[in-house]
Amino acid sequence: MSFVELADASNEVNVGGGSIEVMDLHRREISDEQLRRFEQYAAEMFSAFGMELNSPATVDTPRRFVRALLDATAGYEGDPKLLTVFETECRGGPDCRLSQVIEGPIQFYALCEHHALPFYGHAYVGYIAHERIIGISKLTRLVRLFARRFTLQERVGQQIADGLDAMLAPHGVAVYLEAHHLCTQMRGVQETSPLTRTTFWRGEYENNPALRAEFFVACGLQR
Ligand SMILES: [Zn+2]
Ligand SMILES: [Zn+2]
């Protein structure tokens, strides 16, 4: 959902010349020879743990596993489509301060860096624009950029907040994440699929409980 009109593409501006960390591209260089070695490691492990690797269904599983892991961590490579933001008019005063742009739920999938197992859930992102805004689809891209890594829920939220802060220099940023962590759910004691919730506030949101409450209401998360 959106609380302000988004500017049209004619006001597009390029920010930072790629100097902001979130937009930089870091193409991973992994050779075919490396990939083949990784497939052998995976095959050795799967086989030792009990997988029958000689069936038609599983003969390619090590290769698919390595490829899937590579895709699931593509966030390390940056996102060139995050380079553009739009200019808008800051009207200053209370209007500028109270106009929130809120997007969510944005589905995300990440890998926990402690176990390399998935955690997944929803992100809600809000900001109070000053002189720059970002297309709604870019918020989704920003969330995925930081989620598709080996990471932690806390870090994903911080990086989204800091990334948006750096790109837009807004009056405030709000990020709420809720996720299921398979590393706790798939092993040991059966858990009743708990949700881990984290919040991150920047700028106006830090000292304004009413603004935070409005954010949760707008997200449909009022409790
Ligand atoms: Zn874990
Ligand atoms: Zn402003």
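As the structure is a computational prediction, the values presented were derived from the model and not from experiment.

The rules behind the values
Here the residue numbers are simple positions, counted from 1 along each chain's written sequence. Chains carry letters and ligands carry numbers; both start at the beginning, A for chains and 1 for ligands, and go up in the order they are written. Given that this is a predicted model, residues contribute local features only at a pLDDT of at least 70 and side-chain atom pairs are listed and counted only at 80 or more, while totals for whole chains, interfaces and linings are drawn from all residues. Only heavy atoms go into the side-chain values, all of them from the structure, while hydrogens and water stay out. The helix and strand labels rest on DSSP assignments: H or I over at least four residues marks a helix, E over at least two residues marks a strand, and numbering proceeds from the N terminus. The buried label applies to any residue whose accessible area, calculated with a 1.4 Å probe on protein chains only, is under 20% of its type's maximum; exposed applies above 50%, and partly exposed to all values in between. Contacts are assigned to residue pairs that have any heavy atoms within 4.5 Å of one another. Counting of polar contacts relies on pairs of N or O atoms within 3.5 Å, with two restrictions inside protein: one atom must be capable of donating a hydrogen and the other of accepting it, and residues adjacent in sequence are counted only when both atoms are side-chain atoms.

Undergrad: Describe the overall build of the chain, listing the residues and the values that go with them.
TA: Scanning the chain for helices and strands turns up eight helices and eight strands. Expressed as a percentage of its 223 residues, the buried residues of the chain come to 40%. Taking as baseline every contact in the chain between residues at least 6 positions apart, the subset at least 24 positions apart corresponds to 73%.

Undergrad: Now, about the side chain of Arg202: what can you tell me, with residues and values included?
TA: Mapping Arg202 onto the fold places it in strand 8 (residues 196-203). Of the polar contacts made by the side chain of Arg202, one reaches the side chain of Asp162; its length is 2.8 Å.

Undergrad: Account for unusual backbone geometry, naming residues and giving values.
TA: Of the consecutive residues Gly104 and Pro105, the connecting peptide bond is found in the cis state with omega at 0 degrees. Following the sequence through the fold, Pro105 ends up in strand 3 (residues 100-112). The residue Ala116 is not glycine, and still its phi comes out positive at about 60 degrees. Position of Ala116 among the secondary structure elements: in the loop between strand 3 and strand 4 (118-128).

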